[in-house]
Amino acid sequence: MSDDRPVPPEPAFSLATPYRDATCGELRAGDAGRTVQLAGWVHRRRDHGQLIFLDLRDRYGITQVVVDAQESPVAHAVANRTRNEFVLEIKGEVARRMAGKENEELLTGEVELRGREVEILSEAQTPPFYINEPDAPVDESLRLRYRYLDIRRRPLLERLLLRSELVRAIRDAHHKAGFVEIETPILLKSTPEGARDFIVPSRLQPGSVYALPQSPQQLKQLLMVAGIDRYFQIARCFRDEDLRGDRQPEFTQLDLEMSFVTEERVMEFVEAMIIEVSRATTPDRPIQEIPFPRFTYEEALERFGSDKPDLRFGMELVDLAPALREGTTGFRVFDETLAAGGRVKAVTAPGMADATRSQIDELTQFARRHGAKGLAHVAVAADGTGHSPIAKFLGEERVAAIVAAAAARPGDLILIVADPSRELVAEVLGRLRGELGLRLGLAEPGVLAYCWVHRFPMYQWDTERGRWDATHNPFSGVVPEDEALLVTASGDPYEPSRQDPAGKARAMQYDVALNGWELGGGSVRIHRRELLERSFALQGYSLEQMHERFGGILEAFDFGAPPHGGIAIGIDRWSALLAYQTNIREVMAFPKTQSGTDLMMQAPSQPDPEQFAELGLRFVGIRPEHVAES
Ligand code: ASP
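The rules behind each value
Residues numbered from 1 in each chain as written. Predicted model: local features only at pLDDT ≥ 70, side-chain atom pairs only at ≥ 80, totals over all residues. Heavy atoms only, no water. Helix = DSSP H or I, 4+ residues; strand = E, 2+ residues; numbered from the N terminus. Buried < 20%, exposed > 50% of the residue type's maximum accessible area, 1.4 Å probe, protein only. Contact = heavy atoms within 4.5 Å. Areas by Shrake-Rupley, 256 points an atom, 1.4 Å probe, with all protein chains shown as cover. Lys, Arg positive; Asp, Glu negative; His and termini not counted. Charge placed at Lys NZ, Arg CZ, Asp CG, Glu CD. Near = heavy atom within 4 Å. Polar contact = N/O pair within 3.5 Å; in protein donor to acceptor, adjacent residues only side chain to side chain. Pairing = 2+ DSSP bridges. Axes fitted to C-alpha atoms, helices over the stretch in contact; angles between N-to-C directions. Parallel < 35°, antiparallel > 145°, perpendicular 65-115°, else oblique. Left-handed = near helix turned anticlockwise from the far one by under 90°. Nonpolar A, V, L, I, M, F, W, Y, C, P; charged D, E, K, R; others polar. Salt bridge = Lys/Arg side-chain N within 4 Å of Asp/Glu carboxyl O. Phe/Tyr/Trp six-rings, centres within 6.5 Å; stacked < 30°, edge-to-face > 60°. Lys NZ or Arg CZ within 6 Å of the ring centre and 35° of its normal. Expected span 1.5 Å × (residues − 1).

1. Here we look at the overall build of the protein
Counting secondary structure elements, the protein contains 18 helices and 22 strands. Taking the principal axes of its C-alpha atoms as reference, the protein extends roughly 95 × 75 × 50 Å. Residue burial in the protein is summarised as follows: out of 630 residues, 50% are buried. Taking the intrachain contacts of the protein between residues at least 6 apart in sequence as the baseline, contacts between residues at least 24 apart amount to 70%. Carbon together with sulfur atoms contributes 52% to the accessible area of the protein, which is approximately 30,600 Å² in total. Computed over 75 positive and 96 negative side-chain charges, the inter-centroid distance for the protein is 2 Å.

2. Here we look at the site of the ligand
Close to the ligand lie Glu-193, Ser-215, Gln-217, Lys-220, Arg-239, Gln-253, Asn-473, Gly-521, Gly-522, Arg-525, Ile-567 and Ala-568, which account for all nearby residues. Contacts to the ligand include Glu-193, whose side-chain N or O atom sits 2.7 Å from a nitrogen atom. In this structure, Arg-239 approaches the ligand through a side-chain N or O atom, which is 2.9 Å from an oxygen atom. For the ligand, whose free accessible area comes to 270 Å², the fraction covered by protein is 89%. Listing elements by their share of the shell around the ligand, those giving two or more residues are α5 (217-225), β21 (517-524) and β22 (564-570).

3. Things to note about the sheet that holds strand β1 (residues 35-48)
Spatially, β1-β2-β3-β5-β4 is the arrangement adopted by the 5 strands of the closed barrel, whose pairing is mixed. Going across the sheet, the axis of each strand differs from the next one's by a mean of 55°, ignoring polarity. Two strands pair when backbone bridges link them, and strand β3 (residues 61-68) and strand β5 (residues 111-122) are joined in this way by 2 bridges, in the parallel orientation. Note on β5: the bridge partner recorded for Val-66 is Arg-114. Here helix α1 (residues 73-81) sits on the sheet and contacts β1, β2 (51-58), β3 and β5; the angle it forms with β5, its principal contact strand, is near 65°.

4. Concerning the sheet that holds strand β14 (residues 376-380)
Taken together, 5 strands build an open sheet; the order of strands is β12-β13-β16-β14-β15 and the sheet is antiparallel. Looking at the sheet topology across the chains shown, the edges are occupied by β12 (318-319) and β15 (386-387). Of the strand pairs in this sheet, β14 and strand β16 (residues 413-419) are connected by 4 bridges, and their pairing is antiparallel. What sits directly across from Ala-379, in β16, is Leu-413. Together, β12, β14, β15 and β16 form the strand contacts of helix α12 (residues 396-405), whose direction differs from that of β14 by roughly 80°.

5. Things to note about the packing of helix α10 (residues 357-369) against helix α13 (residues 422-439)
Remark: α10 packs on α13, axes separated minimally by 9 Å, with the N-to-C direction vectors making an angle of 135°. One element, α10, and the other, α13, form an angle in the oblique class. In this structure, the crossing between α10 and α13 has a hand that is right-handed. Residues Glu-362, Leu-363, Phe-366 and Ala-367 of α10 touch α13, and the partners they reach there are Val-428, Arg-431, Leu-432, Glu-435, Leu-436 and Arg-439. Across the contact of α10 with α13, the residue classes tally to 6 nonpolar, no polar and 4 charged.

6. Remarks on helix α14 (residues 529-538)
Of all 10 residues that make up α14, 7 are buried, and the element is covered over most of its length. Within the span of α14, buried status applies to Leu-531, Leu-532, Glu-533, Ser-535, Phe-536, Ala-537 and Leu-538. Taken together, the buried residues of α14 touch β18 (459-462), β19 (467-470) and α15 (543-556). Remark: Gly-540 follows α14 within two positions and exhibits a positive phi of approximately 85°.

7. Points about the pattern of salt bridges
Applying the stated rule across the entire model yields 55 salt bridges. When the shortest N-O distance is used, the salt bridge between Arg-34 and Asp-31 registers 2.9 Å. A salt bridge links Glu-263 to Arg-455; the shortest N-O distance between them is 2.9 Å. Here Arg-455 lies in the loop between β17 (450-454) and β18 and Glu-263 lies in helix α6 (residues 263-281), a separation of 192 residues in the sequence. Under the relative-accessibility criterion, Glu-263 is labelled buried at 9%. What you see here is one network of salt bridges that share partners, running through Asp-68, Glu-71, Glu-93, Glu-112, Arg-114 and Arg-116.

8. Overview of the packing of aromatic side chains
Given two aromatic rings, one states the distance between the centres and the angle between the planes to describe the pair. Counted under the stated rule, the structure contains 16 aromatic pairs. Here Phe-331 and Phe-334 contribute two aromatic rings whose centre-to-centre distance is 4.8 Å and whose plane-to-plane angle is 90°, an arrangement assigned as edge-to-face. Exposure remark for Phe-331: the relative accessible area of 15% places this residue in the buried category. The aromatic ring of Tyr-580 is capped on one face by Arg-285, whose charged end is 3.9 Å from the ring centroid.

9. A short note on α6
An ideal rise of 1.5 Å per residue puts 27 Å on 19 residues; α6 measures up with 26 Å between its terminal C-alpha atoms. Those residues of α6 that fall on the buried side of the exposure criterion are Glu-263, Val-266, Met-267, Phe-269, Val-270, Glu-271, Met-273, Ile-274, Ile-275, Val-277, Ser-278 and Thr-281.

10. Focus on the pairing of β22
The element β22 is extensively covered by neighbouring structure, given that 7 of its 7 residues are classed as buried. The two faces of β22 match: His-564, Gly-566, Ala-568 and Gly-570 on one face and Gly-565, Ile-567 and Ile-569 on the other face are all buried. Examined bridge by bridge, strand β10 (residues 250-259) and β22 share 7 bridges and lie antiparallel to one another. Across the sheet, the residue bridging to Glu-257 is Gly-566, located in β22.

This is the structure in structure tokens:
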């Protein structure tokens, strides 16, 4: 294991304690001759009979200790009893290692401690996995169950240290910009962000529950009404939804809100903050483009098939309609799609022209899994001509037109999706683009490619419930020129329908993406009660429900609300990306499994019957329809 980390500055509060004079990462050649005491865990133990070598480890590093039976027989006898992961206190004399015996991989590799006194502070069982082989693969459930042992291993420790630096840099940047850090309650009321709530029954008010916040959204807006002007928080959020690689039931957001701002002003601050924080946390990772590229939602979908495009590679989607347009193409799927006003679009995979049949089948399956009916392809030969199973329908000219439209080069593979739904074509090609970009190694791993996507539609139609759903946040504002669209076709604000002009309204919403992940999102909010009520009505709330759920914030808006807006950025995702991880569990000290279990603490667990009695609760069993629903 290489230990080439820079020597951290000596903390303001000395690391020396009654147990140690120095840490295990501290001693250098210049310390030779000093008598010092170290404390730490036995990382590795080598017994050479008269000499016992102990690598003593703590968070700061590893120091080699050698205990000589002749020089220190008592210490040697104690060292003889030690095993890996015992916690020891060792006093001895720092000595330069013999020439040729230095260990360049250790910060302390020029020296060793000649152990004179060894004391066992704590014994240890054989750990369930090797702590001293941090790269050895270990079953994840074992790592989660013994998380405290996993954290002893260098990789996870490094990631937690990086996360700590990230949060520190975030705090510094906000304090410098005049933000106030305010904690908002965890025991609260439903704050919808599109997931289910976790609820906590109240003992003092039997029959009532608190909901854990899905985000501090309403509270931060209330802080703007309160005149705080600039707020931020490293906020824990809770969402009861199905878990995926980048989701956990509880997670952390950098949550911020600003008063008297426009979209532009919020994005300006957030962009500067992200640059400052990235440079402070991972100075070695270049930011691809500053200012961050900005795309409207429409443009992002059209060009990348995603509202969180990975910009580390090109592979932009191409509309094939112009190349196919004249007359019928002879290929029924394309003709029918175009006639129905649908889309035929393509993405080009560089260098994949010689993909095998089974590789093409696999890509077709991939496309089908994301909703496509099929996947057509054209392979570009060395002479630049296109070859395709559908060439016999399209004719040579059209195939050549496709190659030209896709600007494909010899050796490239053009993948084509046709569908009446524009969104579906974007989704499938966007996923193919993302997947192939990574598989083909087109994404430079070290580069941080941040970008903005903004001007999302305000709402999307919820067919099942017959109402508009906020695409992001129920409090998002509408772009000023679209305000008149926030009406229903029927004229009755409480009767939304698919035909409503509201379907065309764009939100003052902006998302920030990093390397193909949505890092965060925010908006300038509605700050007028009348408009907010109109928006809630479109979202299917009756006046009564509105008051029941959002009465607090509606009332506050009667007392003078400044225009305001903000954003929330996922700290878990940000840390994961900065640490080259694809799963946020890898940057969380104590994450839960895919089924929401904490394997170490064994949570969730059966409630104590007495607790339940006090709360007036009883399990009545789980109704099958509820299981089916979730
Ligand atoms: N509350 C939003 C969220 O959690 C972020 C925001 O609009 O500020 O996604």
